[in-house]
2 protein chains.
Amino acid sequence: MNILLLPELDNEQTSFSITDLSQIKHVQQVLELKAGDGLKVGSLNGELGTAVIEAVSDTQLKLGSLNLNTMPPSKLDLTVVLALPRPKVLRRLIMDMTAIGVAEIILVNSYRTDKSYWQSPILSRIDEFVTEGLQQGVDTIAPNIQLKKRFKPFVEDELSLWAKDRSLVVAHPYSPLSFNAYIEQAGLPQVLCIGAEGGWIDYEVGLLQDNGCQPVNIGSRILRTEAAVNALCGRYL
Amino acid sequence: MNILLLPELDNEQTSFSITDLSQIKHVQQVLELKAGDGLKVGSLNGELGTAVIEAVSDTQLKLGSLNLNTMPPSKLDLTVVLALPRPKVLRRLIMDMTAIGVAEIILVNSYRTDKSYWQSPILSRIDEFVTEGLQQGVDTIAPNIQLKKRFKPFVEDELSLWAKDRSLVVAHPYSPLSFNAYIEQAGLPQVLCIGAEGGWIDYEVGLLQDNGCQPVNIGSRILRTEAAVNALCGRYL
C-alpha cells in the first residue's frame, strides 16, 4: 500500500476517520505508523495528498491535516479484454491491471474458462481488489470493469464496433506477426485481448479476427496469465 | 506446465522413467493424461520434443517414443540484478524470470532486504522454481543464478566491470529519465537492477550510478515487484 485510499471527499475537508479494518491493520502492522506520523493518501475519484494520524486504535484511524493537492496519474489508453481466469489468480490480475493504469477491463467468457468461475464469490470482491490496486499504484480513479458471460455476442455486437476507431490485437502464440512488429507499424494497440491459462481456442481467435482484432505473438515462450498481462501492459509505461 | 522437463538425455534415447512425484501428480491431475497419450517434453540443457506415456502409476511415469528434435528458444540478452525479496514472492519471481527467458539472475542484498530472508529455506529450493519456470516457458536451459549477500563489494568489484561493455540501468521512480527515453536513445539495456518492496534507498541508487548504472523511471505508478519485473522484461520479447 503506497497510499491510503479514502472515499470521495471534497478538497476542503481536513479530517477523516477510517473504520475499514484491513486499512487500519495495514497502517499499524505493515507501515508501523502511530499517532503523529504522516502518510500519503488519495480520495476516490479525486486528488492525491498527505494526512497526519491524530489517533489510531484497532477499530478507528483518525486523520487530520488532510491536504489533497495532486492530480492522479493519467490512465493508459488501453482496454484489456481478458478471458475470466481461475478465481485464485483474479485478485492479483485485477490489482496489477489497476496499479499499472489500465483504463478498462472486460472479463469475458472463453472455452477454457470453467463454468464454475462465474459462480465464484471472488467476483463480488472485485471492488476490494481495485482498491488494493489503486493503493499500490498511487492512483484514485478505478478502471471501468465489465463482465461479459457470453463471448460470441460480446465480440460480434460490442467489440466489432470498437474496430471502427480503435486498434485491437489478440495475443496468440501461433500468429506469424509479432507484437513488436505490430507496434512498429501501427503503434500501441488500444485494445489487448488476452486468454487465460491455455489461451484462446482457434474458434475464438478466428471470431476476434473476423471482428477486427489482429493476432500477434510474443514469442514461443508461454507465460503465466499474470506474467503475460504485466509483460504486455509494460509496453504502455 | 507446458512441457515436462526431463534430466539431461542424449537425443538417441527413446524411453525414460520419471519418479518425481510432483511431475507425476501434475500429469495425472492437472493435464489428466493416461497411458497412450502424447505430451511435450524437453531434456535439461538439450532439445524439446514429444513422448508418449507407456504406463503411469502414483510413483512412476514411463515414457516411450521419445523424440527430441527442436532447439529451445534463445535466452534474452538480459541480466536482472534483483534485491532479494520476501521468500513468499521469490518462487514466482524466479519462475517468471526463467519462463520469460532472462539469461542471468543475481539476487543481491539491499537495505530493505530483511536479514531473515537470507536464512529462508526457500533459497535451497531455487532449482525447483527454475524447473517450474522452464516447464512453463517451454525451455530447457536454466538461467545462471547467483546470490550476493554483500551489496557494496558486489557493485564495486563485479558490476562495475560489466559497465565496460554492457549497458546497465537501475529502476528508480525518482529518476528524471524514463525507461522509454533511455531505450529510444541507447536500445534495450543488458542489465536491469530492480529493487524489491520499497525499492532501493538513495545510497544504493547512488552507488549503482557511480558504478555505471543509469537510473530510469517507469512512471509515477508503483508496481508490485513481480509486476514490475514482468513489465520491464516484457520489453525484451
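Predicted, not measured: the structure shown is a model, and the values here were computed from it.

Counting secondary structure elements, chain A contains seven helices and 11 strands. Dimensions of chain A, computed from C-alpha atoms along their principal axes, come out at roughly 60 × 40 × 35 Å. The 237 residues of chain A split such that 53% are buried. Counting only contacts in chain A whose residues sit at least 6 apart along the sequence, the fraction spanning at least 24 positions is 73%. Working note: accessible area of chain A is about 10700 Å², and carbon and sulfur atoms make up 49% of it. Across chain A, 21 positive and 27 negative side-chain charges occur, with their mean positions spaced 7 Å apart.

Okay, the pairing of strand β6 (residues 79-83) of chain B next. All names here are of chain B. Among the five residues of β6, five are classified as buried, and the element is accordingly described as predominantly covered. Going residue by residue along β6, you find T79, V81 and A83 tucked away on one face and V80 and L82 tucked away on the opposite face as well. Traced from β6 through helix α2 (residues 87-100) to strand β7 (residues 104-108), the parallel crossover comes out right-handed. Taken together, the four bridges between β6 and strand β10 (residues 191-194) define a ladder with parallel strand orientation. Residue pairing in the sheet places V80 in a bridge with L192 of β10.

What follows is about the packing of α2(B) against helix α3 (residues 126-137) of chain B. All names here are of chain B. At their nearest, the axes of α2 and α3 sit 7 Å apart, and the two run at 45° to each other. Relative to α3, α2 is oriented oblique. Here α2 and α3 pass one another in a crossing that is right-handed. Counting all contacts with α2, which are made through L90, R91, I94, M95, T98 and A99, the residues of α3 involved are I126, F129, V130, E132, G133, L134, Q136 and G137. Its residues placed into classes, the contact of α2 with α3 shows eight nonpolar, four polar and two charged.

Okay, the sheet that holds strand β1 (residues 4-6) of chain A next. All names here are of chain A. Strand order in the open sheet made by the five strands is β1-β3-β4-β5-β2, with mixed pairing throughout. Each edge of the open sheet carries a strand with a single partner, namely β1 and β2 (16-18). Between one strand axis and the next, the sheet turns through 45° on average, direction left out of account. As paired elements, strand β3 (residues 38-43) and strand β4 (residues 48-56) share five bridges and run antiparallel to each other. Pairing of G42 across the sheet is with L48, part of β4.

Oppositely charged side chains can pair when the atoms bearing their charge come close. Throughout the structure, instances matching the rule amount to 26 salt bridges over all chains. Note that B:E128 and B:R125 form a salt bridge whose closest N and O atoms lie 2.7 Å from each other. Accessibility expressed as a relative area gives 35% for B:R125, which makes it partly exposed. Overlapping salt bridges, with partners in common, bring together A:R92, A:D96, A:R224, A:E226, B:R92, B:D96, B:R224 and B:E226 in one network.

Another aspect to go through is the sheet that holds strand β3 (residues 38-43) of chain B. All names here are of chain B. The five strands lie next to each other as β1-β3-β4-β5-β2, forming an open sheet whose pairing is mixed. Of all the strands in the sheet, the pair left with one neighbour each is β1 (4-6) and β2 (16-18). Across the sheet, the axes of successive neighbouring strands diverge by a mean angle of 45°, strand direction being ignored.

Once chain A is rotated about the relating axis by 180° and shifted along it by 0.0 Å, it coincides with chain B to within an RMSD of 0.0 Å. Taken together, the rotation angle and the small translation identify this as a two-fold axis. Considering only C-alpha atoms, the part of chain A nearest the rotation axis is A:A231, at 2.2 Å.

Once that is clear, we can look at empty space enclosed by the protein. Under the defined criterion, the tally for this structure stands at one cavity of 30 Å³ or more. Volume-wise, the largest cavity comes out at about 50 Å³. A:F179, A:N180, A:I218, A:A231, A:L232, A:R235, B:G234 and B:L237 are the residues that line the largest cavity. For the lining of the largest cavity, the elements supplying multiple residues, two or more each, are α5 (179-186) and α7 (225-233) of chain A. In terms of residue class, the lining of the largest cavity is made up of five nonpolar, two polar and one charged.

Take the pairing of strand β4 (residues 48-56) of chain B next. Residues and elements named next belong to chain B. Connecting the antiparallel pair β3 and β4 is a turn made up of four residues, with N45 showing a positive phi of about 65°. Both β4 and strand β5 (residues 61-70) contribute to a ladder of seven bridges, which runs antiparallel. Within the sheet, the bridge partner assigned to V56 lies in β5 and is L61.

What follows deals with the interface of chain A and chain B. Residue-level contacts link 31 residues of chain A with 31 residues of chain B. Taken together, the two surfaces of chain A and chain B that pack against each other cover about 2500 Å², and 49% of this comes from carbon and sulfur. Among the salt bridges present, the one from B:E226 reaches A:R224, with a minimum N-O distance of 3.6 Å. Across the chain A-chain B interface, the total number found is 14 residue pairs in polar contact (both at pLDDT 80 or more).

Once that is clear, we can look at helix α2 (residues 87-100) of chain A. Residue and element names in this part refer to chain A. Compared with the 20 Å implied by 1.5 Å per residue over 14 residues, the 20 Å span of α2 between its first and last C-alpha is a close match. Among the 14 residues in α2, 11 count as buried, and that is most of the element. Listed as buried for α2 are V89, L90, R92, L93, I94, M95, D96, M97, T98, A99 and I100. Count one or two residues on from α2 and you reach G101, which has phi positive near 100°.

What counts as what
Here the residue numbers are simple positions, counted from 1 along each chain's written sequence. Chain labels run from A onward and ligand labels from 1 onward, assigned in the order the entries are written. Local features in this predicted model are restricted to residues of pLDDT 70 or higher, and side-chain atom pairs are both shown and tallied only at a pLDDT of 80 or more, whereas totals for entire chains, interfaces and linings draw on every residue. To get the side-chain values, take all heavy atoms of the structure and skip hydrogens and water. Helix and strand definitions here come from DSSP, where helices need a minimum of 4 consecutive H or I residues and strands a minimum of 2 consecutive E residues; each element is numbered from the N-terminal end. With a 1.4 Å probe rolled over the protein chains alone, any residue whose accessible area is under 20% of its type maximum counts as buried; one over 50% counts as exposed, and the rest are partly exposed. It only takes one pair of heavy atoms within 4.5 Å for two residues to be counted as in contact. Methods summary: accessible areas were calculated by the Shrake-Rupley approach with a probe of 1.4 Å, and residue burial reflects only the protein chains presented. Under the convention used here, Asp and Glu are negative, Lys and Arg are positive, and both His and the chain ends fall outside the count. Charged groups are reduced to one reference atom each: NZ for lysine, CZ for arginine, CG for aspartic acid, CD for glutamic acid. If you view a crossover with the strands going away from you and the path from the first strand over the helix to the second runs clockwise, you call it right-handed. The rule for pairing is simple: two strands pair if DSSP sees at least two bridges between them. The axes are straight lines fitted to the C-alpha atoms, using for helices just the contacting stretch, and the angles between their N-to-C directions are given from 0 to 180°. Roughly parallel refers to an angle under 35 degrees, roughly antiparallel to one over 145, roughly perpendicular to one between 65 and 115, and oblique to any angle outside these ranges. We call a crossing left-handed when the near helix sits turned anticlockwise from the far one by less than a right angle, and right-handed when that turn is clockwise. Residues are grouped as follows: nonpolar covers Ala, Val, Leu, Ile, Met, Phe, Trp, Tyr, Cys and Pro; charged covers Asp, Glu, Lys and Arg; every other residue, Gly included, is treated as polar. A carboxyl oxygen of Asp or Glu within 4 Å of a side-chain nitrogen of Lys or Arg is what we treat as a salt bridge. The superposition of copies rests on a least-squares fit of C-alpha positions from residues with pLDDT of 70 or more in both. A pocket here means an open set of points on a 1 Å grid, computed over the protein atoms alone, that has protein on both sides within 12 Å along at least five of seven lines. A cavity is instead a set of points where a 1.4 Å probe fits but cannot get out; residues with an atom within 4 Å of a point line either one. Grid points are joined across faces, edges and corners, and a volume is the space filled by probe spheres set on the points. Simply put, the buried area is the total loss of 1.4 Å probe accessible area from both parts when two parts are fitted together. Two N or O atoms form a polar contact when they lie within 3.5 Å of each other; inside protein one atom must be a possible hydrogen donor and the other a possible acceptor, and for residues adjacent in sequence the pair counts only when both atoms belong to side chains. For a helix, the expected span equals 1.5 Å multiplied by the number of residues minus one.

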